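Descriptive analysis of the structure
Below are the chains, spelled out letter by letter.
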Amino acid sequence: MEQITRPLILAFGLVLAATTAQAACQVEYKAKRDKPLELYYDVTVVNAPCASAEAALRAQLAQQGLTLLKVLSKKEN
């Protein structure tokens, strides 16, 4: 039984370490869509470190046809 338990614990530890190594950032922002003008305020989690969260958010919003106006706050998640 111990021969099975040790590898399982080791595998679980590696998965846990890999999960915590991925950085995510909670971003509060304002965005817009033109024609007709629509303004958005939202808080979302971006799968990027906070240092590069604005660029990642800008790309994510562009896929939805939105333009990022302003990042109000960033918080490590």
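Relevant structure appears above.
In short, a report on the structure. (Residues numbered from 1 in each chain as written. Predicted model: local features only at pLDDT ≥ 70, side-chain atom pairs only at ≥ 80, totals over all residues. Heavy atoms only, no water.)

So, the pairing of strand E1 (residues 25–33)
Remember that side chains alternate between the two faces of the sheet whenever the strand is regular. Note: E1 against strand E2 (residues 38–46), 9 bridges, orientation antiparallel. Bridge pairing in E2 links Lys32 to Leu39. Following E1, the chain reverses through 4 residues before pairing antiparallel with E2; Lys35 in that reversal takes a positive phi of roughly 55°. Bridge count between E1 and strand E3 (residues 67–76): 8 bridges; the pairing is antiparallel. Its bridge partner lying in E3, Ala31 is registered against Leu68. (Pairing = 2+ DSSP bridges. Helix = DSSP H or I, 4+ residues; strand = E, 2+ residues; numbered from the N terminus.)

So, the pattern of salt bridges
Where charged atoms of side chains with opposite charge meet at close range, the side chains can pair. By the definition in use, this model includes 3 salt bridges. Among the ionic pairs, Glu54 bridges to Arg58, the shortest N-O distance being 3.0 Å. Remark: Arg58 and Glu54 occur in helix H2 (residues 53–62); sequence separation between them is 4 residues, near one turn of the helix. (Salt bridge = Lys/Arg side-chain N within 4 Å of Asp/Glu carboxyl O.)

Looking at the nonpolar core
Residues Val27, Tyr29, Leu57, Leu61 and Leu68 are the most contacted members of the largest nonpolar core, which totals 13 residues. Of all elements in the fold, only E1, H2 and E3 reach the threshold of two or more residues within this core. Looking at which element gives the most residues to this core, the answer is E1, with 4 residues. Those residues within four positions of Tyr29 in sequence are excluded, and the remaining contacts are Tyr40, Tyr41, Asp42, Val43, Thr44, Leu57, Leu61, Leu68, Lys70, Val71 and Leu72. (Core = buried A, V, L, I, M, F, W, Y, C linked by side-chain atoms within 4.5 Å. Buried < 20%, exposed > 50% of the residue type's maximum accessible area, 1.4 Å probe, protein only. Contact = heavy atoms within 4.5 Å.)

Considering the state of the cysteines
Going through the model one piece at a time under the given rule, you end up with 1 disulfide. Note that Cys25 is cross-linked by a disulfide to Cys50, the S-S spacing being 2.0 Å. Its S-S torsion of about 95° marks the bond between Cys25 and Cys50 as right-handed, since a negative value means left-handed. Taken as a pair, Cys25 in strand E1 and Cys50 in the loop between E2 and H2 lie far apart in primary sequence, 25 residues in all. (Disulfide = S-S within 2.5 Å.)

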